[in-house]
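# Tertiary structure, described
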Amino acid sequence: MFYREAGQYKTSYADDGQIFPIRQDRYAIAVLLLVAFVVVPFTASAYLLSGILIPCLIISLAALGLNILTGYAGQLSLGTAAFMAVGAFASYNFVLRIPGIPLLLAFALAGMVAAFVGIIFGLPSLRVRGFYLAASTLATQFFIVWCLTKFSWLSNNSSSGIITAQPMQILGYTFSSPASKYLLVLSIVAVMALALKNLVRSNTGRAWMAIRDMDMAAEVIGFPPMRTKLLAFAVSSFYCGVAGALYAYAFLGTVEPDGFSLDLSFRVLFMIIIGGLGSISGSFIGAGFVFLMPIALNMFFGATGIHMPESVKSNLEQMIFGGLIIFFLIVEPHGLARLWQITKEKLRIWPFPH
Amino acid sequence: MSERTIGGVILDLRNISLSFGGVKALTDISFDVREGEVRAIIGPNGAGKSSMLNVINGVYRPQQGQIAFHGKTRHDMDTHEAAAQGIARTFQNIALFKGMSVLDNIMTGRNLKIKTNFLQQAIWWGPARREEIEQRRKVEEVIDFLEIQHIRKTPVGRLPYGLQKRVELARALAAEPKILLLDEPMAGMNVEEKQDMCRFILDVNEQFGTTVVLIEHDMGVVMDLSDRVVVLDYGRKIADGLPDEVRGNPEVISAYLGQAH
């Protein structure tokens, strides 16, 4: 009833090509951004900021990165955590070895190093696809973690490769409070999500999706398969790399190579499968779901006052979580983003569907 | 509507032979295509018609022979070069991008006209946006031409077969090709859809002067549409000429109907 576009006429192609063509969506997103940028930093507790919102945003960024590769370009990858590790260690080394380097530049350079590594490990995609490609990206995962542990120069000769991120300083201001860290992360994630949306609604995104849907026809139309796939690997790894750098600098502070394990790669993969492959909002929804669900379950048990041993509780959490994943995949294999889209379509004609 | 003019030879295939392992798909085939004509390739199943199209736009590389296009003679085509030189095609089994809308599918047809790089596209404001709107205008012309305005935002997977075929033609046309290769554009269609498709093909040919190379099984369609017909059978050329000549050719009749012994 309230969610309908009646009377909103598009009179130019520019109007028709906006990110949110429906006015109500634009208002909703404006309110959401306003709350995220203005209300949350002043009202949220330190735990909510640094324990939930910051990691959730960072992992969303990694999910965005993987969604570029798997959701848009159709190349299955299990190397997400490895690219994050490259980003984390590269930014550490840039800040350590180039005195006075601006922090944001270090993050961007770290992303580029990750992009370069992504291109190298993306080369097999020119020959193999599907599960075989997933198996070859698995090599990235093990190789990078091995490399970071083996060559202690990369972690400034610390024991077992542990690094401690330097304080974040931009233009003399030190980002140390949870609210300031949150705002920095939020700004970076928002800008990068917008840039990605722009990419996927222009020719680059169409090239990725064309290669995903029908590579033969894409080639005949004139999309170069090699460049298109490697660009997907590069951009995807760039996003994961920046996410890794933020993971080290804005969230954990101290990271070790083993923290970027295959487990993390799988979690990010679950996020985009549950959230929605080939959807930007899906990356955020999926990340939120996977990250918040265990916390929500925990709170639920706490609130209901059901007493049970800690071990039973944590296992029960896992079981409910697993069950929910299976349930969502059966109900809507295209993810929560699609579910949301269907809801919106239904809402347009509600309450008079005829 | 402009008067049709058939110009000189635009595409010349000489002594093309193609084999897969020991199987000979095409043997020593030569024929040419003149600018502005509708050229049909016919033949029984397995005659090598689709292989011929695949050779023309570089999907298959023939072992022998030469392809002269735009005055340049080469041993084989490259898919990217073929697209850049103005060869567009549709496929026998619809090869649309299933996850994308009709509009996006047709927009992919214009990818070679796009000059901005991915960094400009990520920023969007400025050149990328301007270019996107410019390309959209061209795509809308194709959409108007093929009368598919009502489905432009629909995901192609949801469309019926006949419309999908039309969207695929739109995608090929969006590239503003010099030569359009159509691999069985009317297969599986009902009479009405066939009539529509015939009209579109003739309109493309007459209004834009696009050269059309077409594979089709419906003999009525082939005889009505095409200026010249080449007939293949078991990878060999058995006839080449005007529709009426080909129709009367005893070898063609025996290839299609079998021979009394």
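Please read these numbers as outputs of a predicted model, since none were measured by experiment. Think of each chain on its own: its residues are numbered from 1, step by step along the sequence as written. To label them, take the chains in the order written and letter them from A, then take the ligands in the order written and number them from 1. The model is predicted, so local features are restricted to residues of pLDDT at least 70 and side-chain atom pairs to those at 80 or more, both for listing and for counting; the totals for chains, interfaces and linings are taken over all residues. To get the side-chain values, all heavy atoms of the structure are used, and hydrogens and water are removed first.

## Topic: the overall build of chain A
- Counting secondary structure elements, chain A contains 14 helices and four strands.
- In this description the radius of gyration comes from C-alpha coordinates, and the expected globular size is given by 2.2 Å times residues to the power 0.38. What you see for chain A is a C-alpha radius of gyration of 21 Å, in line with the 20 Å of a compact globule of 354 residues.
- The principal-axis extent of the C-alpha atoms belonging to chain A is close to 70 × 60 × 45 Å.
- Put simply, 74% of the contacts in chain A that link residues at least 6 apart link residues at least 24 apart. Think of it this way: any DSSP run of H or I at least four residues long counts as a helix, any run of E at least two long counts as a strand, and we number them from the N terminus. Throughout, a residue-residue contact means that at least one pair of heavy atoms, one from each residue, lies within 4.5 Å.

## Remarks on helix H14 (residues 336–349) of chain A
Residue and element names in this part refer to chain A.
- Any helix carries an expected span of 1.5 Å times its number of residues minus one. In a regular helix each residue adds 1.5 Å, so 14 residues correspond to 20 Å; H14 covers 21 Å between its end C-alpha atoms and thus fits that length.
- Of the residues making up H14, those classed as buried are Leu 336, Ala 337 and Lys 344. Taken around the axis of H14, the buried residues stretch over an arc of 105°, which confines them to a single face.
- Considering only its buried residues, H14 is in contact with helix H2 (23–43), helix H11 (262–275), helix H12 (280–304) and helix H13 (310–331). Only protein chains enter the accessibility calculation, which uses a 1.4 Å probe; a residue is then buried when its area is under 20% of its type maximum, exposed when over 50%, and partly exposed in between. Relevant arc is that of directions from the helix axis to the C-beta atoms, nothing else.

## A word on the pattern of salt bridges
- The salt bridge criterion pairs a side-chain nitrogen of Lys or Arg with a carboxyl oxygen of Asp or Glu, the two atoms within 4 Å. Enumeration according to the criterion identifies 28 salt bridges over all chains in this entry.
- For A:Asp215, the salt bridge is made with A:Arg129, and the minimal N-O distance between the two is 2.9 Å. Residue A:Asp215 is located in helix H9 (residues 215–221), and its partner A:Arg129 is located in the loop between helix H5 (103–122) and helix H6 (131–150); the two are separated by 86 residues in the primary sequence.
- In this structure, B:Arg228 engages B:Asp32 in a salt bridge whose closest nitrogen and oxygen atoms are separated by 2.9 Å.

## Looking at the pairing of strand E1 (residues 9–20) of chain B
Residues and elements named next belong to chain B.
- Paired strands, in this sense, are two strands between which DSSP finds at least two bridges. Across eight bridges, E1 lies against strand E2 (residues 23–34) in antiparallel orientation. Within E2, the position partnered with Val 9 by the bridge is Arg 34.
- Taken together, E1 and the strand that follows it, E2, pair antiparallel across an intervening segment of two residues, in which Gly 21 is found at a positive phi of about 60°.

## Structural notes on the interface of chain A and chain B
- Listed by partner, the interface residues are 26 residues for chain A and 34 residues for chain B.
- Take the accessible area each of two parts loses on contact, using a 1.4 Å probe, and add the two losses: that sum is the buried area. Both sides of the chain A and chain B interface together cover about 2,700 Å² of buried area, and 63% of this is carbon and sulfur.
- For the pair chain A and chain B, the interface holds three salt bridges.
- Across the pair B:Lys153 and A:Asp16 runs a salt bridge, and its minimum N-O distance is 2.9 Å.

## A look at the domain arrangement of chain B
Residues and elements named next belong to chain B.
- One can read the domain layout of chain B as domain 1 (1–86 + 177–261) and domain 2 (98–175).
- Boundaries of every domain are those given by an automatic assignment or by a domain database. Here the C-alpha centroids of domain 1 and domain 2 sit 27 Å apart.
- Taken residue by residue, the interface counts 21 residues in domain 1 and twelve residues in domain 2.
- Interface area for domain 1 against domain 2, summed over the two sides, is near 1,300 Å², with a carbon-plus-sulfur share of 74%.
- Asp 196 is paired through a salt bridge with Arg 166; the nearest N and O atoms lie 3.7 Å apart.
- Pairing of N or O atoms within 3.5 Å defines a polar contact, subject to two protein rules: one partner must be a possible hydrogen donor and the other a possible acceptor, and residues neighboring in sequence count only if both atoms are side-chain atoms. Summed over the shared surface of domain 1 and domain 2, the result is two residue pairs in polar contact (both at pLDDT 80 or more).
- At the level of elements, helix H2 (79–84), strand E7 (179–183) and helix H7 (191–208) are the ones that each hand at least two residues to the side of domain 1 that touches domain 2.
- Note on residue categories: nonpolar means Ala, Val, Leu, Ile, Met, Phe, Trp, Tyr, Cys or Pro, charged means Asp, Glu, Lys or Arg, and polar means any other residue, Gly included. For the side of domain 1 that touches domain 2, a count of residues per class yields twelve nonpolar, three polar and six charged.

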